[in-house]
Amino acid sequence: MHILAIASAKGGVGKTTTAINLAVAMSTLGVQCLLVDLDPQGAIAATVGLEPLEESQSVTHQLRGSQPLQTFAMPNHPKVQVLPSAPQWDHLNCTYPYRRLLELVQTLNPPPQFIILDLAPSMEPLTRWALQEADSVFVMTHPSALALRTIPQTLKEILQSRNNTYLEGLLVNRYGISEQQSQALQPLLHEHFGEWLYPIQLPHDEALQLSFFHGRSVFQEQENSPSAEALSQIAQRLYEQHLSPKASVQPAYMQRSGSSSVAAPQ
């Protein structure tokens, strides 16, 4: 079992759409996935059609309880289970004992092989707790000036969150950025964050945004779209790294320690 967190200090960078579609991409490899919405805005439930929720079904209520988790199958993707959130029930000031999520996940039948945590765009208590639970972390970013300026502090806080935090890398989502603007910003990205950049980027792709509005995965929207292909490549890479019987050791350039002596690029 592997727990992957998707984090960002800025909203609007594509964190939730990536979490949803990455879970679907993992499921196409035969992996049983659990998608946990730890952003109280409840975007995942709204997107995949799980609203309205009762309080007993919300993520922070279930994490407080002692009953087996109640999850929901994602429509048209039965290998993806969802633990949803809702604004009226869930709050960022919640926190739980270490490994509480893992303890409750063991009550699921079958237990998931891969868990994706969609975090709130902040470093509030619930986000910090989730980073403690995660085995690895993606930092989502957008190639824009406002998004890029949040990266150093975000990296620093994540790397200090836990001694064995494994940073998958900076996952760049180019949606909404023109090709000309993207090309202009690429040298800046590599200059300041080169060693942290994930080798696969999410391309500018209307199909990804349309899928979000239509409440379905990009694989249903346009199976062979550029973003669907990129997400499939990411899923395959994650599978080979963390779930395959021949899973490789962490590539040296991606090994990161949570030691306070490690500083994010400035």
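Residues numbered from 1 in each chain as written. Predicted model: local features only at pLDDT ≥ 70, side-chain atom pairs only at ≥ 80, totals over all residues. Heavy atoms only, no water.

1. Side note on the environment of Ser161
- Here Ser161 lies in the loop between helix 7 (151-159) and strand 7 (166-172).
- For Ser161, a relative accessible area of 15% puts it in the buried group.
- A sequence separation of 32 residues divides Ser161 from Trp129, and the C-alpha atoms of the two residues are 8.8 Å apart.
- Excluding its chain neighbours within four sequence positions, the residues that come into contact with Ser161 are Leu131 and Gln132. (Helix = DSSP H or I, 4+ residues; strand = E, 2+ residues; numbered from the N terminus. Buried < 20%, exposed > 50% of the residue type's maximum accessible area, 1.4 Å probe, protein only. Contact = heavy atoms within 4.5 Å.)

2. Remarks on the packing of helix 1 (residues 15-27) against helix 11 (residues 226-243)
- Here helix 1 crosses helix 11 at 65 degrees, and the two axes come no closer than 9 Å. Relative to helix 11, the element helix 1 lies roughly perpendicular. Where helix 1 crosses over helix 11, the handedness of that crossing is right-handed. Seen from helix 1, the contacting residues are Thr18, Asn21, Leu22, Ala25 and Met26; seen from helix 11, they are Leu231, Ser232, Ile234, Ala235, Leu238, Tyr239 and Leu243.
- For the contact of helix 1 with helix 11, a count of residues per class yields nine nonpolar, three polar and no charged. (Axes fitted to C-alpha atoms, helices over the stretch in contact; angles between N-to-C directions. Parallel < 35°, antiparallel > 145°, perpendicular 65-115°, else oblique. Left-handed = near helix turned anticlockwise from the far one by under 90°. Nonpolar A, V, L, I, M, F, W, Y, C, P; charged D, E, K, R; others polar.)

3. Remarks on the pairing of strand 6 (residues 136-141)
- With six of its six residues buried, strand 6 lies for the most part within the structure.
- Taken together, the four bridges between strand 1 (residues 2-7) and strand 6 define a ladder with parallel strand orientation. Directly across from Leu4, in strand 6, lies its bridge partner Ser136.
- Across six bridges, the pairing between strand 6 and strand 7 is parallel. Residue Phe138 lies in a different strand from strand 7, and its bridge partner there is Gly169. (Pairing = 2+ DSSP bridges.)

4. Some thoughts on the confidence of the model for the protein chain
- In the predicted model, the protein chain carries a mean pLDDT of 83, and the fraction of residues at 70 or more is 88%.
- Predicted confidence is poor over residues 251-266, with pLDDT under 50, and the contacts of this stretch with residues over four places away or in other chains come to 40 contacts. (pLDDT = per-residue confidence, 0-100.)

5. A few points about the sheet that holds strand 3 (residues 72-74)
- Pairing in this open sheet of seven strands is mixed, and the strands run 3-4-2-5-1-6-7 from one edge to the other. Strands at the two margins of the open sheet, each flanked by one partner only, are strand 3 and strand 7. This sheet shows a mean twist of 25 degrees between the axes of neighbouring strands, independent of strand direction.
- Against the sheet, helix 7 touches strand 1, strand 6 and strand 7, its axis set at about 170 degrees to strand 6.

6. Remarks on the pairing of strand 2 (residues 33-38)
- Burial analysis of strand 2 places six of its six residues in the buried class, the great majority of the element.
- In strand 2, alternate side chains face the same way, and those of Cys33, Leu35 and Asp37 on one face and Leu34, Val36 and Leu38 on the other are all buried.
- Here four bridges tie strand 2 to strand 4 (residues 77-83), and the two strands are oriented parallel to one another. Directly across from Leu35, in strand 4, lies its bridge partner Val82.

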